[in-house]
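One-letter residues, chain by chain:
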Amino acid sequence: MSTIVLLTLTGLGLAALYFLVASGLSLVFGLADVLNFAHGLFLSVGAYATWWAAGNLPGAGPSGFGFVLAVAFGVAAGAVVGMAVELVMIRPLYSRTIEQVLVTVGLSLAGVALLQATWGADPRPFPRPDWTQRVTPVLGAKVPNSGILLILAAVLVLAALLGFLRYTRYGLVIRAGVENREMVTALGIDVRKAFTLVFAIGGAAAALAGALGGVYFGSVSPSQGGSLLIFAFIVVVIGGMGSVVGSAYAAVAVGLLQQFVNYYGTSGAGDICVVALLAIVLLLRPQGIAGRAATT
Amino acid sequence: MSETPILTVADLSVRIAGLHILQGVSFTVAPSGVTVLLGRNGVGKTTTLRAILGLTPRGGEVRGTVRLGDRSLAGEPTHRLVRDGLGYVPEDRCVFAGLTVTENLRLAERRGGVPAYDRVFELFPELKRRGRQRAGSLSGGQQQMLAIGRVLLNDNRLLLVDEPTKGLAPKVVTEVAEVLERVAVAVPVLLVEQNLAVVRRLADDAVVLAAGRVAWSGAADELLREAELTRSLLGVGVAGEPHAPAATAGVSQPVPAESAPVDREVSAG
Amino acid sequence: MTGGDEVTGGAGVSGGDGVTGDGVRGDGVTGRTEETGRLHRAGSDVQGRTEEAGMTTGLKTAVADNPPAAPPTAGSVPVPRRNWRSALRTWSPLLVLLVLAVLPYSTVSVPGVFDGPLNGPGTLQLLAICLVFGGLAAGYDLLFGRTGMLSFGHALYFAAGVYGTDILVTKAGLPLWQAALLTLVGGTTLAALLGAVALRTAGIAFAMVTLAFAQVGAILVARDFGGLTGGEEGLSLDVSGLPAMLVGVGNTVNLYWLALAYLALVVFVVHRVAGSPTGRVLAGLRDDERRIGVLGLDPYRFKLLAFTLAGGLATAGGAIYCLLVGGASPHVTSSELTLSLLVMVVLGGPGTRWGPVLGGVLYMYLDHRLTAFGTSSAVESLPGVLSGPLSQPLFVLGTVFILAVYFFPGGLTSLSTRLTPFRRLRTDRSS
């Protein structure tokens, strides 16, 4: 029993990580039709910025409020980078989908190389408050606090995103844009502003994933973002591109499946099951679980 | 026409994926009343409206000038044109199916203006009642009301309305025509319409496209009076023609201009 | 340097495909649609051809399935010059092939470009790797540039070739030719099977599915299922059973020739396919899939054909690569490898005859040489802000790639196309 609880909660922790990466990816794709290969870079930026801030930013540190500040700095850095990427690199290629993909591919290659050049290819120990390294007993299982932290963060982000999409003007524009971007323009709305916003949101969420993932794994390395990205892509496709809620469901399915099969089967079998799940979903329901709508 | 036109289209050419959809279209829209854009299916009516709005798909090539009043619209982004008073009611309604009616309307509120909900709800009381309903679950007629309503929330200098009666039941067609008639009192309308009964009721001026060019333009009743002319230009009979064949989406090869008046017998009537 | 001439010659040829090397801007699209239009009219109307007939290559007209060639009056190009130019186009690739084939007999050193003489084993191996990737990129272009399929999983079939050969030789102890043949059949079958599933989707979803399939390959290799792949360590090739002529540093030249043969084969196959009716259907799919559907052709079957063929070619490249580097390492399974293929094709010029080859060769060359360049004293002496990034080949290549997408959307070959007006000006003046 305790094993199942543990696997469920660590699976959910993994799902939380996937969700944080996939939600932004999904919105960016749904609204702007951009398959963003640089999204993993946003994650790495968040992780490195948090790591850097904990050591160098006045007031920030590896524990207590200092750590919150460091994470906030990382998230802000992710948002800024996301926004900058949209404004400088994506916008000039407006509606040229393939070129946009190519540019993000180039950016992911160059960005990771840049991180490597600056901080080396080897993993660096990540600053983390002591309490995140302890465990909390849940129904007899000793669950790592960092996993619980990830789950809580993902739930908060999900709630915040849904609230934003449902109750704000920009949320309305984004939801409408995911359905029919051109018609939003034809109502007199500059939909590109929403693109920038979505990139910023996606960048921030991915950066949060980077920071909390750093806490979870205990280290940070330039290639971390890339390896998470592939599973985030899978989550996006399974969940339905452009759907935040769909991403959440798909993330949970993928995280749990991976964790359980990897534990009870051979290591790595879970990853393969996830791809099999993707193939099945695509064959049965090519538009994903949710279809094309931001909040369903 | 002695008045200064509200919209002037001069030598408009559109090439999409190598096909010349429009080849030098020129016409004007009077500052009041309804100007109807007519022509057979695939002749480029929708393309014309979309080119005016800057909505030509990527890879498409647009040449020529479009002026709203005395301002050139070339190269302006669509959203700015719309904010400047170019209201667009697209073909197939294009309401946001996942959003509620209220949200659809809220989305259409333009920056800087005061949304005229009174005007919209007076024309379409139905929209007020169904505010919380998802637009996707409305009937075709209701969706059309919503599509027109959201444009009327704002003050427009010109409305571009693309086939508002397409696929609607006869009774609803009449309702839509009534609404447009009332709307046209205040705002000039450039209307693409296949239903000749509606055209007869609304049109002041007419522009007929054939093979990517303007084949005829002038007062609408002049066109409709001449049965033979109408038949050759539009390929439809005039008397009692209830509804022209539904337009098919997509682009088709324009017929060479020389062979334009191919007779096609219409069984109806 | 003669290389420049070859490049321009190649670009002229590629222009004849109706693909101006530019999938992005209006004019490129136009060129393509003309080709589709031709298809549309089912060969009865040759009007669309006349404009390009002057550029049709000797090789292309040699393809028997071509519709009747355009009337010789086509174009205003004087006949003698066209003969001269078309002769150049026909023969220059063979000339390059010849030069490359005899290159190992040269002991010339090119300081700065290669370490040591041209026929040194190090240089030959580097050149051979470049050639293999040139061929690989050309094969990938069959999907991306010529059919418009964005596959993110091409590394899988290359890796199948590398690991398949390696495992069958090293673990199963098969003779090389059997191992290579089995691998080729296996890799092609794999491409056919996975393609059959992945092609149920299109566009971005297709990209993701292929990416995910390739990821399975990467996981299988990394986790060392059944102890076959050697996991993270990789698996070095057991050379004891190999033909002697392919073993040892002294025999690098034979591997070089093998790589050259592979490249020539891929270029030949891809061009043969592109010039055939099938190739025109593929180009039609790239431009507008619906029109192919309208013609009553099944897009799925043609796409699967291209996917399978490209997969088979990649598998063959993998087998040669395995011999070349003497084993397999997990990085050949990574999605990064597919991404670099994409970079190669886009840098070179998608949908052109020589662009992808050129892109592949240059990319691999730079990838290897930039590492040396990055640690050279010239870079070391730069301030840290510059020397750090410059020592990372991927940073340089990624940046160049991004700039290429913005400023040279047709890749390297489009550069020479852009210079064509000047060239014409020159010849006009001289005549």
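Worth saying up front: this structure is predicted, and the values here are computed from it rather than measured.

A. Molecular detail of the overall build of chain A. When its secondary structure is counted, chain A shows 11 helices and four strands. The C-alpha atoms of chain A give 19 Å as radius of gyration, which agrees with the globular expectation for 296 residues (19 Å, within 12%). Projected onto the principal axes, the alpha-carbon positions of chain A cover approximately 55 × 50 × 35 Å. Going through the 296 residues of chain A one by one, you find that 62% of them count as buried. Contacts in chain A between residues far apart in sequence, at least 24 positions, make up 77% of those at least 6 positions apart.

B. Examining the overall build of chain B more closely. In terms of helices and strands, chain B carries 10 helices and 10 strands. Here chain B holds 269 residues, and 46% of them are scored as buried. Long-range pairs, those at least 24 residues apart, make up 73% of the contacts in chain B with a sequence separation of at least 6.

C. Quick look at the pairing of strand E3 (residues 34–39) of chain B. Residues and elements named next belong to chain B. Most of E3 sits out of view: six of its six residues are buried. Looking at chain direction, E3 and strand E8 (residues 189–192) are connected through four bridges and run parallel. By the bridge assignment, Thr 35 is partnered in E8 with Leu 190. Where E3 meets strand E9 (residues 205–210), five bridges bridge the pair, whose relative direction is parallel. Considered in E9, the bridge of Gly 39 is made with Leu 209.

D. Spotlight on unusual backbone geometry. All names here are of chain B. Residues other than glycine seldom take positive phi values, yet Asp 11 does so here, at roughly 55°. Here Asp 11 falls in the exposed class, since 12 other C-beta atoms lie within 10 Å of it. The backbone of Arg 93 shows a phi angle near 65°, a positive value even though the residue is not glycine. On the secondary structure map, Arg 93 appears in the loop between strand E6 (86–89) and helix H3 (101–108).

E. Structural detail: the packing of helix H6 (residues 121–147) of chain C against helix H14 (residues 335–348) of chain C. Residue and element names in this part refer to chain C. At their nearest, the axes of H6 and H14 sit 9 Å apart, and the two run at 80° to each other. By the angle class used here, H6 and H14 are roughly perpendicular. Note on element contacts: H14 touches H6 through Leu 341, Leu 342, Met 344, Val 345 and Gly 348, opposite Phe 133, Leu 136, Ala 137, Tyr 140, Asp 141, Phe 144 and Gly 145. Classifying every residue of the contact of H6 with H14 by side-chain character gives nine nonpolar, two polar and one charged.

F. Representation of the environment of C:Phe408 in the model. Residues and elements named next belong to chain C. With respect to the helices and strands, Phe 408 occurs in the loop between helix H18 (393–407) and helix H19 (412–430). Residue Phe 408 is classed as partly exposed on the basis of its C-beta count, with 19 C-beta atoms lying within 10 Å. Expressed as a C-alpha distance, the spacing of Phe 408 and Val 346, which sit 62 residues apart in the sequence, is 9.3 Å. Among all residues touching Phe 408, those that are not within four sequence positions of it are Ser 414 and Leu 415.

G. Representation of the nonpolar core in the model. Ranked by size, the top nonpolar core spans 305 residues in total, and within it A:Tyr18 and A:Val21 carry the most contacts. Contact partners of A:Tyr18, with chain neighbours within four places excluded, come to A:Phe231, A:Ala232, A:Val235, A:Ala251, A:Val254 and A:Gly255.

H. The arrangement of the sheet that holds strand E1 (residues 7–16) of chain B in detail. Strand order in the open sheet made by the four strands is E2-E1-E4-E5 (chain B), with antiparallel pairing throughout. The open sheet is flanked by strand E2 (19–29) and strand E5 (71–72) of chain B, the only strands paired with a single partner.

I. Representation of the environment of B:Glu178 in the model. Along the chain, the position of B:Glu178 falls in helix H7 (residues 170–186). Residue B:Glu178 is classed as partly exposed on the basis of its 13 C-beta neighbours within 10 Å.

J. Structural view of the pairing of E6(B). Residues and elements named next belong to chain B. Along E6, one buried face is formed by Leu 86 and Tyr 88 and the opposite face, lined by Gly 87 and Val 89, is buried too. Here E6 pairs with strand E7 (residues 158–162) via four bridges, running parallel. From the neighbouring strand, Val 89 faces E7, where its bridge partner is Val 161.

K. Inspection of the UniProt feature "transmembrane region" (unreviewed entry) in chain A at higher detail. All names here are of chain A. When the UniProt feature table is mapped onto this chain numbering, "transmembrane region" (unreviewed entry) sits at residues 6–27, 34–53, 65–89, 101–121, 147–165, 194–217, 229–256 and 263–284. In this annotation, residues 194–217 is assigned 100% helix and 0% strand; the end-to-end C-alpha distance for the span is 33 Å. Secondary structure across residues 263–284 divides into 82% helix and 0% strand, with the first and last C-alpha atoms of the span separated by 28 Å.

L. Structural detail: helix H9 (residues 224–239) of chain A. Residues and elements named next belong to chain A. Over its 16 residues, H9 runs 23 Å from end to end, which matches the ideal 22 Å to within 8%, given 1.5 Å per residue. Maximal helix bending in H9 amounts to about 25°, located at Ile 230. Among the 16 residues of H9, 15 are classified as buried, and the element is accordingly described as predominantly covered. Note on H9: the residue one or two positions beyond its end, Gly 240, has a positive phi of about 100°.

M. Fine view of the sheet that holds strand E10 (residues 213–219) of chain B. Residues and elements named next belong to chain B. Ordered in space as E6-E7-E8-E3-E9-E10, the six strands form an open sheet in which the pairing is mixed. Each having just a single partner strand, E6 and E10 make up the two edges of the open sheet. Pairwise comparison of adjacent strand axes, ignoring direction, gives a mean angle of 15° for this sheet. Docked against the sheet, helix H1 (residues 45–52) engages E3, E7, E8 and E9, running at close to 145° with respect to E7. Here H7 sits on the sheet in contact with E3, E7 and E8, set at roughly 150° to E8.

N. Representation of helix H8 (residues 191–217) of chain A in the model. Residues and elements named next belong to chain A. Under the 1.5 Å per step criterion, the end-to-end length of H8 is 38 Å for 27 residues, consistent within 8% with the ideal 39 Å. Within H8, 23 of the 27 residues are buried, leaving the element largely enclosed by the surrounding structure. Once H8 ends, the next one or two residues include Gly 218, with phi positive near 85°.

O. How the structure looks around the confidence of the model for chain B. On average, residues of chain B score 82 in pLDDT, and 86% of them reach the 70 mark or higher. The complex model carries a pTM of 0.79, and its ipTM stands at 0.84.

P. Molecular detail of the interface of chain C and chain A. With 35 residues of chain C at the interface, the matching set in chain A holds 31 residues. Listing elements by their share of the side of chain C that touches chain A, those giving two or more residues are helix H9 (203–223), H14, helix H17 (384–390) and H18 of chain C. Among the elements that take part in the side of chain C that touches chain A, H9(C) stands out by supplying 12 residues, more than any other. Class assignment of the residues belonging to the side of chain C that touches chain A gives a composition of 25 nonpolar, eight polar and two charged.

Q. Representation of the environment of C:Asn254. Residue and element names in this part refer to chain C. You can see Asn 254 is positioned in helix H10 (residues 252–275). Accessibility expressed as a C-beta count within 10 Å gives 19 for Asn 254, which makes it partly exposed. Each C-alpha atom of the pair Asn 254 and Pro 104 lies 9.7 Å from the other, and the pair is 150 residues apart in sequence.

R. View of the packing of H3(B) against helix H6 (residues 140–152) of chain B. Residues and elements named next belong to chain B. Where H3 contacts H6, the two axes come as close as 8 Å, and the packing angle between them is 35°. Taken as a pair, H3 and H6 cross one another with a handedness that is right-handed. Residues Val 101, Asn 104, Leu 105 and Ala 108 of H3 form the contact with H6, whose own contacting residues are Leu 146, Gly 149, Arg 150 and Val 151.

Here is what the cut-offs are and how they apply
- Residues numbered from 1 in each chain as written.
- Chains lettered and ligands numbered in written order.
- Predicted model: local features only at pLDDT ≥ 70, side-chain atom pairs only at ≥ 80, totals over all residues.
- Helix = DSSP H or I, 4+ residues; strand = E, 2+ residues; numbered from the N terminus.
- Rg over C-alpha atoms; globule rule 2.2 N^0.38 Å.
- Buried ≥ 20, exposed ≤ 12 C-beta atoms within 10 Å, placed from the backbone.
- Contact = placed C-beta atoms within 7 Å.
- Pairing = 2+ DSSP bridges.
- Axes fitted to C-alpha atoms, helices over the stretch in contact; angles between N-to-C directions.
- Parallel < 35°, antiparallel > 145°, perpendicular 65-115°, else oblique.
- Nonpolar A, V, L, I, M, F, W, Y, C, P; charged D, E, K, R; others polar.
- Core = buried A, V, L, I, M, F, W, Y, C linked by C-beta atoms within 7 Å.
- UniProt positions renumbered as here; feature names shortened; annotations may be inferred.
- Expected span 1.5 Å × (residues − 1).
- Bend = angle between axes of the 7 residues up to and from the residue.
- pLDDT = per-residue confidence, 0-100.
- Left-handed = near helix turned anticlockwise from the far one by under 90°.

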